[in-house]
Amino acid sequence: MSAVTNEYRHIPVLLTECLDYLRLETGRTYVDATLGGAGHSIEAAKHIQTAGTLVGIDQDEVALTAARTRLLALPTDKRPELCLLRGNFGDMDELLLQADIPSVDAFLFDLGVSSVQIDTPSRGFSFKEKAPLDMRMDPGKSTLTAAEIINTYNAADLARIIRTYSDERWATRIADFIVQARTHARIETSDQLVDIIKAAIPASARRSGGHPAKRTFQALRIEVNSELDVLQQGLEAAIRWLAPGGRLAVISYHSLEDRIVKETFLRFSRGCTCPPDLPVCVCGNVPIIKVITRKPVLPTPEEIERNPRARSAKLRVAEKL
């Protein structure tokens, strides 16, 4: 087994629940919008079998290579037709047209940064390792890095993204400290930024709530990769591509993502909004999906013990009408 494939052996989150809700059967077309190491897709492939089509999307070339190796290792008499695409799920329309996919029976979105990206110091996602402040999920296409944001955004814009994307109560202070620090020297590495954040947050506030830099690093990652805009685009495209009766499952890891998923599902499941005393509907609203999970599905204590990164996961599922 190659080192690359080993690196990507992450544990898929809420795997059993995803497979149950997606109702995968022989011959179905399944799209994994966040392929990663193919943890979910390996199991999905066993359900859709040779008559099925498995489409995997990832913007990370290393992930695609690892996933291809793992999927091709499946027995040929049980392996579905594979279509692995490099790209961002925000460009879903373009990717599925390019792959000549007529419609989709099941979509899975497993959001957030992958374990291997966090664990690869050179990617700059982790506040625990000294690394360049990069945080791009697709370094080949994107030019905006976390270092660029830290060194060029004004204090008001820095405070806004840190507060909006992470609920960091010390956002304004952190932004002011960053702007002050960069007057002496450019901020290039994660350890430099961690020291600035620690200096900005009062010692009493640092004693609880996990690592003091966690929220700011999350906010920077979201800004670098336009994650929330991309998520909105990807969800709307997936709903369009679903065949009637097809299902969309989304695993989110923080409240901003979960809110977008919840609100998108509600918007597309809403029927007529006209006042009840109107004799005929004038709004024209027709529900397009049905929400299957009234409340998000959470990992069991046993799963969290096996895989601590599942702790904050929430699964929501909708079905095309």
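Here the residue numbers are simple positions, counted from 1 along each chain's written sequence. Only residues with pLDDT of 70 or above have their local features reported here, since the model is predicted, and side-chain atom pairs are shown and tallied only from 80 upward, although totals for entire chains, interfaces and linings are computed over all residues. Side-chain measures here rest on the full set of heavy atoms in the structure, leaving out hydrogens and waters.

Participant: How should the packing of helix 9 (residues 171-182) against helix 10 (residues 190-200) be read in this particular structure?
Facilitator: Helix-helix packing is described using two parameters, namely the angle between the two axes and the distance between the axes. The axes are straight lines fitted to the C-alpha atoms, using for helices just the contacting stretch, and the angles between their N-to-C directions are given from 0 to 180°. Working definition: helices are DSSP H or I runs of at least four residues, strands are E runs of at least two. Numbering for both runs from the N terminus. One way to put it is that helix 9 packs onto helix 10 with a least axis distance of 9 Å and a crossing angle of 130 degrees. One element, helix 9, and the other, helix 10, form an angle in the oblique class. Regarding helix 9 and helix 10, the two cross each other, and that crossing is right-handed. From helix 9, Arg 173, Ile 174, Phe 177, Ile 178 and Ala 181 reach across to helix 10, where they touch Leu 193, Ile 196, Ile 197, Ala 199 and Ala 200. Partitioning the contact of helix 9 with helix 10 into residue classes produces nine nonpolar, no polar and one charged. The labels follow the angle: roughly parallel below 35 degrees, roughly antiparallel above 145, roughly perpendicular from 65 to 115, and oblique for the rest. Left-handed describes a crossing whose near helix is turned anticlockwise from the far helix by less than a right angle; the clockwise case is right-handed. In what follows, a contact means two residues having at least one pair of non-hydrogen atoms within 4.5 Å. For this classification, Asp, Glu, Lys and Arg are treated as charged, while Ala, Val, Leu, Ile, Met, Phe, Trp, Tyr, Cys and Pro are nonpolar and the rest, including Gly, are polar.

Participant: For this particular structure, what's the right way to read the domain arrangement of the protein?
Facilitator: A common way to express how large an interface is: the accessible area buried when the components associate. Domain start and stop points were drawn from an automatic or database domain assignment. For the protein, the assigned domains read domain 1 (15-115 + 228-320) and domain 2 (121-226). Computed over C-alpha atoms only, the centres of domain 1 and domain 2 are separated by 30 Å. Facing the 12 residues of domain 1 at the interface are 13 residues of domain 2. Summing both partners gives a buried area of about 1,000 Å² for domain 1 against domain 2, and 51% of it is carried by carbon and sulfur. By convention in these notes, a salt bridge is any Lys or Arg side-chain nitrogen within 4 Å of a carboxyl oxygen on Asp or Glu. Across the contact surface, domain 1 and domain 2 share zero salt bridges. Those elements that place two or more of their residues in the side of domain 1 that touches domain 2 are helix 13 (227-241) and helix 14 (255-269). Considering only residue class, the side of domain 1 that touches domain 2 consists of four nonpolar, four polar and four charged. In short, buried area is how much 1.4 Å probe accessible area vanishes from two parts on joining, totalled over both.

Participant: I keep staring at the packing of helix 8 (residues 155-166) against helix 9 and nothing clicks. Help me out?
Facilitator: Taken N-terminus to C-terminus, the directions of helix 8 and helix 9 make an angle of 140 degrees; their axes are 8 Å apart at the nearest point. In terms of orientation, helix 8 lies oblique with respect to helix 9. For the pair helix 8 and helix 9, the crossing hand works out as right-handed. Between helix 8, through Ala 155, Leu 158, Ala 159, Ile 162 and Arg 163, and helix 9, the contact on the second element is made entirely by Ala 171, Thr 172, Ile 174, Ala 175, Asp 176, Ile 178, Val 179 and Arg 182. Split by residue class, the contact of helix 8 with helix 9 holds nine nonpolar, one polar and three charged.

Participant: Help me understand the environment of Pro 102 in this model?
Facilitator: Relative to the helices and strands, Pro 102 is located in the loop between helix 5 (92-98) and strand 4 (104-110). Taking the relative accessible area as the measure of exposure, Pro 102 reaches 77% and is therefore exposed. For the pair Pro 102 and His 211, spaced 109 residues apart in sequence, the C-alpha separation works out to 46 Å. The cut-offs for exposure are 20% and 50% of the maximum accessible area for each residue type, with area from a 1.4 Å probe on protein chains only; residues under the lower value are buried, those over the upper are exposed, and the others partly exposed.

Participant: Is there a simple way to think about the nonpolar core in this case?
Facilitator: When a protein is soluble and globular, its nonpolar side chains tend to lie buried together. Residues Met 92, Leu 96, Phe 107, Phe 109, Leu 193, Phe 217 and Leu 248 are the most contacted members of the largest nonpolar core, which totals 66 residues. Top contributing element to this core by residue count: helix 13, with eight residues. Three or more residues apiece are contributed to this core by two domains, here domain 1 (15-115 + 228-320) and domain 2 (121-226). Apart from the residues lying within four places of it in its own chain, the contact partners of Phe 107 are Leu 22, Val 31, Met 92, Leu 96, Ala 238, Trp 241, Leu 242, Arg 247, Leu 248 and Ala 249. Side-chain atoms within 4.5 Å are what join buried Ala, Val, Leu, Ile, Met, Phe, Trp, Tyr and Cys residues into a set we call a nonpolar core.

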